[in-house]
Amino acid sequence: MHPALTALLAGHDVDLDTWRSWWDQLEQRTPGPARDSDRAQAAALLAALTTRLPAPDTLAAFTTSLTERSPHPGPAHPASVNIVGTGGGPATFNLSTAAALTAAAMGVPVVKTGSRAYTSSAGSIDLLERLGITLTSSHTATADHLARHGIAFAGPHVYPPALTRLARLLFPLTLKPFGRLLNTLGPLLATVPVTAQLTGTSATTDLPALRHLAPRTLGRAVWLATNTAGADELLPFADNTLHTPDTTLHLPAGSIAPADGTLADLAPHPEDLTGHFLQALAGRAGPTATHTIALNAAALALASGRHTHWHTAHTAALDALADGAPRALAARLRADHKAPAHA
């Protein structure tokens, strides 16, 4: 049994060199079907991490051991941002994707990461596929998309390659039983060439660990958001808290946008996933949805440095939605996906 797993099961800390040894062993495996013992160890290690997040130093060493093996994305694009949540919490439609498109329509460069559904009816990748919007396949492609459209949706290349090797080791088991762990850490494991990132977490029990990891995240300032409704986005009708690298901001319900509305106004529409989403991008999915998208887009505008005041940023986001600019941007991205490769 590898020392990393032995220590985890005993409730002991796991240092960086021990995690490096775990990944080295994984990389040196002979290609071919995994032995049952190797698969069992990998599943046990992930189960131990998923059941309860380990101590902060162990978790920091774990994430460092992964991200240090990822290809470097190159310098961050100036004043660029990412928005991605940890999942879980109340079911809502794809608010972070809507906020990303709205912020981009406001002139904020956005490189967005995401995942498939774990607890939701459709994750951001599921939605983008149905919309016909392409994920980038490399950091070079990301830079190209950003230059042409002001936004790029990053593909799996931003995540540590070691996780792909781990998935192969587990086969025919899948990573889905460990989705909570991967969704919680995923936003901080991705190598994204942005200057700031807004990450909402629905589980306040995970917040101390994420706050410990945030300053160690490669190359970007991480803003962590929580609220009293337990959602992983900012909500106008809930009390929100933002932990930035410099301070803690409290945004009480109604302080930026009207506090009217409930979570029911933000419910997913799996029977009309893309139709409802496009309506929301045009500001026609109800006032609560519009203000929620605008509030999160405003946070991105502030994190990027393009705006310095919440109310003016929120108003700019509302104006973009009223003009249909985010929906028009989504249409251009879909057209770009359909264009011939030589065009």
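Bear in mind that the values here come from a model prediction, so they are computed numbers and not experimental data. (Residues numbered from 1 in each chain as written. Predicted model: local features only at pLDDT ≥ 70, side-chain atom pairs only at ≥ 80, totals over all residues. Heavy atoms only, no water.)

**Q** Sorry, what's going on with the pairing of strand β7 (residues 248-251) here?
**A** Within a regular strand, side chains alternate between the sheet's two faces. As paired elements, strand β6 (residues 240-243) and β7 share four bridges and run antiparallel to each other. Counterpart to Thr-241 in the pairing with β7 is His-250. Connecting the antiparallel pair β6 and β7 is a turn made up of four residues. (Pairing = 2+ DSSP bridges. Helix = DSSP H or I, 4+ residues; strand = E, 2+ residues; numbered from the N terminus.)

**Q** How should I be thinking about the pattern of salt bridges in this particular structure?
**A** All chains considered together, the criterion is met by 10 salt bridges. The partner of Arg-148 in a salt bridge is Asp-144, with the nearest N and O atoms 2.8 Å apart. Placement of the pair is Arg-148 and Asp-144 together in helix α7 (residues 139-149), with a separation of four residues, close to one helical turn. Judged by its relative accessible area of 42%, Arg-148 falls in the partly exposed class. Arg-180 is the partner of Asp-206 in a salt bridge, and the nearest nitrogen-oxygen pair spans 2.9 Å. (Salt bridge = Lys/Arg side-chain N within 4 Å of Asp/Glu carboxyl O. Buried < 20%, exposed > 50% of the residue type's maximum accessible area, 1.4 Å probe, protein only.)

**Q** Mind showing me how you'd approach the packing of aromatic side chains here?
**A** Aromatic ring pairs: the centre-centre distance and the angle between the two ring planes describe each pair. Going through the model one piece at a time under the given rule, you end up with three aromatic pairs. Relative to Phe-62, the ring of Trp-19 has its centre 4.8 Å away and its plane inclined at 65°; by these criteria the two rings are edge-to-face. With Trp-19 in helix α2 (residues 16-27) and Phe-62 in helix α4 (residues 56-67), this residue pair connects regions lying 43 residues apart in the sequence. Judged by relative accessible area, Phe-62 falls into the buried class, the value being 4%. Pairing Trp-23 with Phe-62 gives two aromatic rings, centres 6.2 Å apart and planes at 40°, and the pair type is tilted. (Phe/Tyr/Trp six-rings, centres within 6.5 Å; stacked < 30°, edge-to-face > 60°.)

**Q** For this particular structure, what's the right way to read unusual backbone geometry?
**A** Residues Phe-171 and Pro-172 are joined by a peptide bond in cis, for which omega reads 15°. Structurally, the position occupied by Pro-172 is in the loop between α8 (161-170) and α9 (179-189). Unlike most non-glycine residues, Ala-79 shows phi in positive territory, near 55°. Its place among the elements puts Ala-79 in the loop between α4 and β1 (81-83).

**Q** Looking at this structure, how should I read the environment of Thr-244?
**A** Of note, Thr-244 is situated in the loop between β6 and β7. Here Thr-244 falls in the buried class, since its relative accessible area comes to 15%. Counting along the chain gives 38 residues from Thr-244 to Ala-282, while the straight-line C-alpha distance between them is 30 Å. For Thr-244, the residues in contact, after removing those within four places along its chain, are Val-222, Trp-223 and Leu-249. (Contact = heavy atoms within 4.5 Å.)

**Q** Would you take a moment to explain the environment of Val-222 for this structure?
**A** Relative to the elements of secondary structure, Val-222 occurs in strand β5 (residues 221-227). Residue Val-222 is classed as buried on the basis of its relative accessible area, which comes to 4%. Expressed as a C-alpha distance, the spacing of Val-222 and Leu-329, which sit 107 residues apart in the sequence, is 26 Å. Apart from the residues within four sequence positions on either side, Val-222 is in contact with Leu-188, Gln-197, Ala-214, Thr-217, His-243, Thr-244 and Pro-245.

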